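Take a look at the letters that make up each chain.
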Amino acid sequence: MTNSQPSGFDRLSKPVRQWIWQQKWQSLRDVQEKAIPAILAGGDVVISARTAAGKTEAAFLPLLSRLEAKETGADGFALLYVSPLKALINDQHRRLESLCECCEVLLTKWHGDVSSNVKARARKRPSGIVLITPESLEALLVRRGGEVSHLFSNLEAVVIDELHAFIGTERGMQMQSILNRIEVATGRDRIDRIGLSATLGDMRLAAEALRPGCGDAVTLVEGNDPGNGVRLQVRGYLLERPTAPPAVDAPEEPKSDNDIPKEDEFSRSLLPKAMSDDLFRLTRGKRNLLFAGSRVNVEVCADRLRNMCDDERLPQEFFAHHGSLSKAIREDVETRLRDDPRPTTAVATTTLELGIDIGDVDAVAQIGPGNSVASLRQRIGRSGRRAGRPATLRMFVAAPPFERGGHPLDRLRLDLVQAIAMVECLIANWCEPPIKAGLHLSTLIHQTLALILQYGGVLPAQAFKLLCIRGPFRNVDRELFAELLRCMASDSCRLIEQSGNGVLMIGSGGEEITESYDFYPVFATEQEYRIVHETRTLGTYPLSSPLAPGETIIFSGRRWRIVDIDDRARVIAVKPTRAGNPPHFPGRGGAIHDYVVETMRAVLCSTDTYQYLDQQAARQLDEARERFKELQLDHKSVIAHGQGVLLFPWVGTRKLETLTLALIAKQFRASSYHHSIEISDCTVNGVLETLEEVANAPAPDGVVLAGHLAQPALAKFDSFLSRELMCRVTARERIDAESLPEIAGNMLGA
DNA sequence: GACCTGCTGCGGTCTG
């Protein structure tokens, strides 16, 4: 320690200070300095700081000091650390081991890969810190309901890592509900919650997510670590016309593995050659993360770069990384990034965005504008962590080529404009706020079943009070909860039944679900094949994407031929080959925030130049702005197009879809496309009149509007909901009916 | 026109 000893340091317990001495830290980090008094004072705290700023220690140094001062010797766990990832638990265990040893506090990993005797031992003599996933915690409550009060009665605090990953999600609702159930079971009014997060758009909303209903009482701690600056570039490219469709009708099987089909022509329509040449040139020989967007793009891009490596007879340094690849393959890439000095570029989806420890990379590249400013910020934080080196991010954005008679939207270069809008938002220090909680009826079904199992039965009024008044399901009122219970008890579900004295019990249908191994997670997953080469599992492939023996596929950045499909065992056997088609993964579109789309319009209206654009991108922006003026979009929102019209509301995905739906409900043939709505067979005046009507009428009933929409069961237990309940979920979570008059009004005023 | 995450307890067999 230097002479300028931080005041926070002095307030820590003796063993904690000793540990800090051993680490030879020169001083505490800004966020740690601020967190110490906040956590020592007790109460709920949100700690937010950029990646690698020392958030974990910011929470645990004062928490361990608190344990030292308490010294009750009572049994029961003292601290609970909840993480969304097993990999993060393993990292944190490594990181906290010596600190806990110094403090003589037991540290226990608890997740699905940890052996059951370790868990049994911890249950028998509960003490110290437990690092756990929400699913393992759920299993503990459901299977050992009777032990809960004993295990957690001396709990000092709960630390929630990657808080932002839980906000507004099914898993987040589950976690809040579990923490609430622990408080109730132990008879504690509240157990301190400490949320750790990357910088969030709106800290107050994050605080509300940490302690529903009492966000105002949460202490906010924001780290102010300036980092080493950011170097950022947006590079423009032109897409090549696809000259051949993907080889669906390809003539039978290629005769030999040496036949090389024209698959490159298709893959070039996803990834132009000029772009892959630049990607190769800028990443080769260094350590990079390349975020390619979708799993298909990861495969196409990894395949292309690996081939370029082979062509130049260089050792391979490009590797694919996404959620459908096997754990072993992914860990090989992570380990190589972390521990191997050889140049390595991981071509990834969002898998490498969260806090898994992969050390520092030289640069980050991204294909396309991405879906959120928050994720852009997170990605930048993956480089520039070493002293004196700025973070480096290059965005590679391709636009469609101009064609006579092409779609007017092609010339607005909306991907490039979106990329610029994202960067402008980032520079202005804006990022998406957490989304507001929906009804989450699927997760409420789950929590009702879990609660019955935990207590062996529960009265409806108790369940309502616990889950919906004290717990996180506050958008569900008594009437709606009663309807949900009736639905769960109905003949078609039989999830629950009621005993003579009114106690809710698990029904015949519920038994099957709750006894199953996959009851504990609340998110839905697709059924999949396993892709196997000899004895090695390469990864998984969705059942819904049909494949046939003899077909070729790019997977894990390599090319394979399918030799056998075992539908019963759900195994696809492959062998290496020289040809390969891009794989197919189903997916739903991402939602872009209103403010990003508003900023896009501002970028198109403005004449500002942006230093971070390369020549090609700057030229494409000029062309897009010219076209924007030509179409008079600077003062019009509705323009004629062919036999119909194009609408430009400049709102985010959810509002765009709501307006489309409202127009469909008024008998227009409308569909949303690339930030616009296309309506066929109508006139500009006809649409303007309708917009006028919408603007001046009260907002339509969301449930009625949602009735026009297909109601796919998206969440895990949605299939148990009645049509009517599903409509209410859709109205609340997927559309925004209240904003319709305002959107229409703004378009008329434009 | 997108991504990601997670999992018990038991009974069986094998190894040191």
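Sequence order sets the numbering: in each chain, residues are counted from 1 along the sequence as written. Chains and ligands are labelled sequentially in the order written, the chains with letters from A and the ligands with numbers from 1. Given that the model is predicted, a residue must reach a pLDDT of at least 70 before its local features are reported, and side-chain atom pairs must reach 80 or more before they are shown or counted; all residues, however, enter totals for whole chains, interfaces and linings. Only hydrogens and water are removed before side-chain values are computed, so all heavy atoms of the structure are retained for them.

A. Focus on the overall build of chain A. When its secondary structure is counted, chain A shows 27 helices and 24 strands. Based on C-alpha atoms, the radius of gyration is set beside the globule rule, defined as 2.2 Å times the residue count to the power 0.38. The C-alpha radius of gyration computed for chain A amounts to 28 Å, which stays within 12% of the reference 27 Å derived for 750 residues, consistent with globular compactness. With the C-alpha coordinates of chain A rotated into their principal frame, the extents come out at 80 × 65 × 60 Å. Across chain A, contacts joining residues at least 24 apart in sequence account for 73% of those joining residues at least 6 apart. When charges are counted, neither His nor the chain ends are considered; positive counts come from Lys and Arg and negative counts from Asp and Glu. For this purpose, a charge sits on NZ of Lys, CZ of Arg, CG of Asp or CD of Glu. Charge separation in chain A, taken as the distance between the mean sites of 90 positive and 97 negative side-chain charges, equals 4 Å. Elements are defined by DSSP. Helices are runs of H or I of four residues or more, strands are runs of E of two residues or more, and each kind is numbered from the N terminus. The contact definition used throughout considers only heavy atoms, calling two residues in contact when any of these lie within 4.5 Å.

B. Fine view of a negative patch on the surface. Taken together, the side chains of Glu497, Glu511, Glu512 and Glu515 make up a negatively charged region of the molecular surface. At three residues, helix H20 (residues 508-515) tops the list of elements feeding residues into the negative patch. Only protein chains enter the calculation, and the probe is 1.4 Å; a residue is then buried if its accessible area is under 20% of its type maximum, exposed if over 50%, and partly exposed in between. Taking relative accessible area as the criterion, Glu511 reaches 40% and is therefore assigned partly exposed. Patches were defined on residues exceeding 30% relative accessible area and lacking a salt bridge, with like-charge contacts within 9 Å and nonpolar side-chain contacts (Val, Leu, Ile, Met, Phe, Trp, Tyr) within 5 Å. Each accessible area is a Shrake-Rupley estimate made with a 1.4 Å probe; only the visible protein chains count as cover when residues are assessed. Any Lys or Arg side-chain nitrogen located within 4 Å of an Asp or Glu carboxyl oxygen qualifies as a salt bridge.

C. Seen up close, unusual backbone geometry. Its identity as a non-glycine residue notwithstanding, Glu104 has a phi of 55°, on the positive side. Inspection of the secondary structure puts Glu104 in the loop between helix H5 (86-102) and strand E3 (107-110). Even without being a glycine, Arg494 presents a positive backbone phi close to 50°. With respect to the helices, strands and loops of the structure, Arg494 is situated in the loop between helix H19 (478-489) and strand E14 (496-498).

D. How the structure looks around the packing of helix H9 (residues 170-185) against helix H17 (residues 441-455). Lines are fitted to the C-alpha atoms to define the axes, a helix being fitted only along its stretch in contact, and any angle between axes, read from their N-to-C directions, falls within 0 to 180 degrees. Interaxial distance between H9 and H17 falls to 10 Å at its minimum, and their mutual angle equals 25°. Comparing the axis directions of H9 and H17 gives the class roughly parallel. The handedness of the crossing between H9 and H17 is right-handed. Here Glu170, Met173, Gln174, Ser177, Ile178, Arg181, Val184 and Ala185 of H9 lie close against H17, whose contacting residues are Thr443, His446, Gln447, Ala450, Leu451, Gln454 and Tyr455. Each residue receives one of three labels: charged for Asp, Glu, Lys and Arg, nonpolar for Ala, Val, Leu, Ile, Met, Phe, Trp, Tyr, Cys and Pro, and polar for the others, Gly being one of them. Across the contact of H9 with H17, the residue classes tally to seven nonpolar, six polar and two charged. Convention used here: angles under 35 degrees read as roughly parallel, angles over 145 as roughly antiparallel, angles from 65 to 115 as roughly perpendicular, and any remaining angle as oblique. Helix crossings are classified by the rotation of the near helix relative to the far one: an anticlockwise turn of less than a right angle makes the crossing left-handed, while a clockwise turn makes it right-handed.

E. Examining the pattern of salt bridges more closely. Using the criterion set out here, one finds 34 salt bridges in the structure. For Asp278, the salt bridge identified is with Arg281, shortest N-O distance 3.2 Å. Here the residue Asp278 and the residue Arg281 both occupy positions in helix H12 (residues 273-283), the gap between them amounting to three residues, near one helical turn. Asp278 sits in the buried class, given a relative accessible area of 15%. A salt bridge links Arg494 to Asp491, with the shortest nitrogen-to-oxygen separation between them at 3.5 Å. Residue classification places Arg494 among the partly exposed positions, given a relative accessible area of 41%. The class for Asp491 is exposed, based on a relative accessible area of 61%.

F. Spatial organisation of the side chain of Glu432. With respect to the secondary-structure elements, Glu432 resides in the loop between helix H16 (414-427) and H17. We note that Glu432 is buried and unpaired, the nearest opposite charge coming from Arg377 at a distance of 8.0 Å. Engagement of the side chain of Glu432 in a polar contact is seen with the backbone nitrogen of Val373, the distance being 2.9 Å. As used in this structure description, the phrase polar contact means that two N or O atoms lie within 3.5 Å; if the pair is within protein, one of them must be able to donate a hydrogen and the other to accept it, and residues adjacent in sequence are counted only when both atoms belong to side chains.

G. Structural view of the packing of aromatic side chains. Here is the rule: rings of Phe, Tyr and Trp (six-membered ring for Trp) pair when centre to centre is within 6.5 Å. Planes less than 30 degrees apart are stacked, more than 60 are edge-to-face, and the remainder are tilted. Counting across every chain of the model gives 14 aromatic pairs. Plain terms: the ring middles of Phe519 and Tyr520 are 5.8 Å apart, the flat faces sit at 70° to each other, and that makes the pair edge-to-face. The pair Phe519 / Tyr520 is uniform in exposure class, with both members buried. What links up through ring pairs into an aromatic cluster is the set Phe628, Phe648 and Trp650.

H. Here's a closer look at empty space enclosed by the protein. A 1.4 Å probe that fits but cannot get out identifies a cavity on a 1 Å grid over protein atoms alone, an open set with protein on both sides within 12 Å along at least five of seven lines counts as a pocket, and a residue lines either if it has an atom within 4 Å of a point. Grid points are joined across faces, edges and corners, and a volume is the space filled by probe spheres set on the points. What the rule picks out here adds up to three cavities of 30 Å³ or more. Leu282, Thr283, Asn288, Leu289, Ala363, Val364, Ala365, Arg394 and Phe396 together form the lining of the largest cavity. Listed by contribution, the elements that provide at least two residues to the lining of the largest cavity are H12, strand E9 (287-291), strand E12 (363-367) and strand E13 (391-399). Top element by residues in the lining of the largest cavity is E12. It accounts for three residues.

I. Region of the structure containing the confidence of the model for chain A. For every residue, the predictor reports its confidence as pLDDT, a number between 0 and 100. Taken as a whole, chain A shows an average pLDDT of 90; of its residues, 94% reach a score of 70 or greater. Taken as a whole, residues 244-262 scores under 50 in pLDDT and shows 18 contacts with residues more than four places along the chain or in a different chain.

J. Here's a closer look at the pairing of strand E17 (residues 536-542). Strands are labelled as partners when DSSP assigns at least two bridges between them. Across six bridges, the pairing between strand E16 (residues 528-533) and E17 is antiparallel. Looking at the pairing, Arg530 lines up with Thr540 of E17.

K. Structural view of the sheet that holds E9. Taken together, the six strands give an open sheet; going across it, the order is E8-E13-E12-E9-E11-E10, and neighbouring strands pair in parallel fashion. Every other strand in the sheet has two partners, leaving strand E8 (230-238) and strand E10 (318-321) as the edge strands with one partner each. For this sheet the average axis-to-axis angle between neighbouring strands, irrespective of direction, equals 20°. Note: E8 against E13, nine bridges, orientation parallel. When the bridges of E13 are listed, Val234 appears paired with Met395. Contacts from H12 reach E8, E9, E10, strand E11 (344-348), E12 and E13 within the one sheet, and its direction differs from that of E13 by about 170°. Against the sheet, helix H13 (residues 295-311) touches E9, E10, E11 and E12, its axis set at about 165° to E10.

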